[in-house]
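Each chain, letter by letter, is given below.
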Amino acid sequence: MFPDDLKKRRRARTVQCDLTMSDYVIQLIRSDLDKPTMEEWLARLEKLPKHPELNLTGARSTRFLIRNSRFYWPDVSVYDSLYLMVAAAGRGRLLTCDGRLARAPGLDVPVEDIRVR
């Protein structure tokens, strides 16, 4: 049995997307099946070249980034901290449309707000 709150949200989404319920569910399943599993994703990462500064292979460097990004940027989301870690590792800057992230204090990474005003 579907919880009522999910039914309401699902119904609203199908109306918003102008899809039948069946088409919406098929779209969700296709989208999910197009994504690699975690094992497939990590296997792909293992094939990447070593990170020149961290001397870690793809999957190991990804795990390193995930574990350590929150240490350096505890005041932003895990998602945003990963972007910051990648920008810092590449000595680059982060381009974002997230004004809150662009204004976050103490990032020590150049962040540029690229929203169209």
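You'll find the structure just up there.
Residues numbered from 1 in each chain as written. Predicted model: local features only at pLDDT ≥ 70, side-chain atom pairs only at ≥ 80, totals over all residues. Heavy atoms only, no water.

Let's hear about the overall build of the protein: which residues, and what values?
Assigned secondary structure in the protein consists of six helices and two strands. Sequence-ordered secondary structure for the protein, helices as α and strands as β, is α-α-α-α-α-β-α-β. A sequence separation of at least 24 residues applies to 12% of the contacts in the protein between residues at least 6 apart. (Helix = DSSP H or I, 4+ residues; strand = E, 2+ residues; numbered from the N terminus. Contact = heavy atoms within 4.5 Å.)

Quick rundown of the side chain of Thr96? Include the residues and the values.
Residue position: Thr96 is located in strand 1 (residues 94-96). We classify Thr96 as buried; its relative accessible area is 11%. Non-local contacts of Thr96, meaning those with residues more than four positions away in its chain, are made with Leu101, Ala102, Val111, Glu112, Asp113, Ile114 and Arg115. (Buried < 20%, exposed > 50% of the residue type's maximum accessible area, 1.4 Å probe, protein only.)

Mind laying out helix 1 (residues 4-17), listing which residues take part and the relevant values?
Between its terminal C-alpha atoms helix 1 stretches 20 Å, which fits the 20 Å expected from 14 residues at 1.5 Å a residue. Just past helix 1, the residue Asp18 takes up positive phi, approximately 55°. (Expected span 1.5 Å × (residues − 1).)

Tell me what's going on with unusual backbone geometry, and back it up with residues and numbers.
The phi torsion at Asp18 lies on the positive side, around 55°, for a residue other than glycine. Take Asp18: it is sitting in the loop between helix 1 and helix 2 (21-34). What makes Asp18 exposed here is its relative accessible area of 71%.

Talk me through the nonpolar core; I want residue IDs and the actual numbers.
With nine residues, the main nonpolar core is built from Trp73, Val76, Leu84, Met85, Ala87, Leu94, Leu101, Ala104 and Val109. Ranked by the residues each element gives to this core, the list is headed by helix 5 (residues 78-89), at three residues. (Core = buried A, V, L, I, M, F, W, Y, C linked by side-chain atoms within 4.5 Å.)

I'd like to hear about a nonpolar patch on the surface, residue by residue, with values.
On the surface, Val25, Ile29 and Leu33 cluster together to form a nonpolar patch covering roughly 280 Å² of accessible area. Checked against the element boundaries, Ile29 lands in helix 2. Residue Ile29 is classed as partly exposed on the basis of its relative accessible area of 46%. (Patch = residues over 30% accessible without salt bridge, like charges linked within 9 Å, V, L, I, M, F, W, Y side chains within 5 Å. Areas by Shrake-Rupley, 256 points an atom, 1.4 Å probe, with all protein chains shown as cover. Salt bridge = Lys/Arg side-chain N within 4 Å of Asp/Glu carboxyl O.)

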